[in-house]
Amino acid sequence: MNAPDLSLEPVETPEAARAAAVRVCPRCSHTRQATDTAPAWQCPRCEVAYDKVLPTSVAARQKPEGARAQPAAAPGDKPWTLIVLAGGVVVLMALMGWKWNHNKAQAAERIARAESDARALQIAAQREGMEQLARLGAAETQWRRGQGLDVLPTVRAMAQQGHLRAMVLLSAMLDEGNGIPRDHAESMQWLTRAAHQGSSLAAVRLGAIYQEGRGGEPRQMSLTENWYLRAARQGDAAGLYRLGDLYANGAATVAQRPVAAYMLLELADRLGRGNPEDPLTLPRYGAVHLQLLARRMGPVDIAEARRRADAWKPGKPLDL
C-alpha cells in the first residue's frame, strides 16, 4: 500500500497540465514547454507565479511603453487648479477695475476741487476789486471837494500796491492840486508807470499832455499819436476819439487821414454811446466831430471807413 503524498506543492490535474503546457509568462513572455519541469503555476524562466503577476502585466500592456504610472482619478474629481486660477484672474481683474475707477473718481474730485477753488478765488478777487474801486471813488469825491489831504495816504498806498486806477488818480491829484501840494514830476512818473502797465486811461491822459504841452512838457505829436493808439487798440472810447480827432485835423508831424479818422470816430461813438464818461477821462465829442468830418468826405470814403469799423474788434490791429 502506497503512503499518502503529504507534500505542500499543488497537485496538478490533467486539465491544469494541459493549460500549463501552453501558458505564456505575463512578465517575461516565455511560452511554457512540455519539457519544462517547473510547477504549472510558476514560470520556468523567471520563476514568477503566473497568477500573482497577471493584474500588473495586464495594466502594463494597456499603457504606452515608458509612460509613468498616473494615479487614477477618483469619480467626481474636478480640475481644481484651473478653477482656482480662473478665480484668481477674476479677482485680479475686479481689483484692477476697482483701482481704475477709484483713481478716476479721485482725479475727477481733484479737478472739481481745483475748479471750485479757482472760482472762489475769482469771486474773492472780483469782490476785492469792487471794494477797491468803491474806496477810490469815495477818495476821488473827497479830493474834488477839497479834502485831498485826508485821502492822499489811502490813494498813495493803493498806487504803491500796483492798482492802475489808483496810480492815475494819484497822478491827477498831484498834477491838479486842489487842496494838496502839486508835484508835476511825480505825477508824470505815476501816469507813465500806469500807461506802460496797460492802463488805457493813463495812455489817453499822457497823449493829451504831450499834445497840449501841459505842465511844462514839450509838445511831441509822435508821442501823442503813440499813446492814443495804445488806448484805441484796447477799445477805449476816449482813445479812439482822440486818435480820430488827431487824424481828422492833422498836426505838425501827423498827416490828415480822413478815412482812418472817420472809422475811429465812428467806433468811439458806438462804444461811448449810452455810457457815462469817467470823471478821469478827457471829454469826447465823437458824434459832433463825425458829422463835421462827413461834410468833407465823399460817400465812397465814408462807406470804406464804416466797413473798416464793422470789421474791427478790440485787441486787433487797427486798419488805418
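That block above? That's the structure.
Residues numbered from 1 in each chain as written. Predicted model: local features only at pLDDT ≥ 70, side-chain atom pairs only at ≥ 80, totals over all residues. Heavy atoms only, no water.

Participant: Could you clarify how one ought to interpret the overall build of the protein in this entry?
Facilitator: Within the protein one finds 12 helices and zero strands. Ordered by position from N to C terminus, the α and β elements of the protein give α-α-α-α-α-α-α-α-α-α-α-α. Per-residue burial for the protein yields a buried fraction of 33% across its 320 residues. Within the protein, counting contacts between residues at least 6 apart in sequence, those at least 24 apart form 53% of the total. Split by element, the accessible area of the protein, about 20,500 Å² in all, is 57% carbon and sulfur. (Helix = DSSP H or I, 4+ residues; strand = E, 2+ residues; numbered from the N terminus. Buried < 20%, exposed > 50% of the residue type's maximum accessible area, 1.4 Å probe, protein only. Contact = heavy atoms within 4.5 Å. Areas by Shrake-Rupley, 256 points an atom, 1.4 Å probe, with all protein chains shown as cover.)

Participant: Which parts of the structure should I look at to understand the packing of helix α7 (residues 200-212) against helix α8 (residues 221-233)?
Facilitator: Two quantities define a packed helix pair, namely the angle between the axes and the distance from one axis to the other. Look at α7 against α8: their axes get within 8 Å of each other, and the N-to-C directions meet at 160°. Viewed along their axes, α7 and α8 adopt a mutual orientation that is roughly antiparallel. Considering the relative orientation of α7 and α8, their crossing is left-handed. Here Ser200, Ala203, Val204, Leu206, Gly207, Ala208, Tyr210 and Gln211 of α7 lie close against α8, whose contacting residues are Met221, Leu223, Thr224, Trp227, Tyr228 and Ala231. Here the residues of the contact of α7 with α8 are counted per class, giving 10 nonpolar, four polar and no charged. (Axes fitted to C-alpha atoms, helices over the stretch in contact; angles between N-to-C directions. Parallel < 35°, antiparallel > 145°, perpendicular 65-115°, else oblique. Left-handed = near helix turned anticlockwise from the far one by under 90°. Nonpolar A, V, L, I, M, F, W, Y, C, P; charged D, E, K, R; others polar.)

Participant: In this structure, what is going on with the packing of aromatic side chains? I would like to understand it.
Facilitator: One pair of aromatic rings is described through two measures. These are the centre distance and the angle between the planes. Evaluation of the coordinates by the stated rule reveals zero aromatic pairs. Looking at Arg257, its charged tip hangs above the ring of Tyr247, at a distance of 4.8 Å from the centre. (Phe/Tyr/Trp six-rings, centres within 6.5 Å; stacked < 30°, edge-to-face > 60°. Lys NZ or Arg CZ within 6 Å of the ring centre and 35° of its normal.)

Participant: Is there a simple way to explain helix α4 (residues 148-160) in this structure?
Facilitator: Owing to its 3.6 residues per turn, the α-helix brings residues three or four apart onto one side. Taking 1.5 Å as the rise per residue, α4 with 13 residues should run 18 Å; its terminal C-alpha atoms sit 17 Å apart, in good agreement. Residues of α4 that are buried include every one of Gly148, Val151, Leu152, Val155, Met158 and Ala159, and no others. Positive backbone phi, approximately 100°, marks Gly162, located one or two places after α4. (Expected span 1.5 Å × (residues − 1).)

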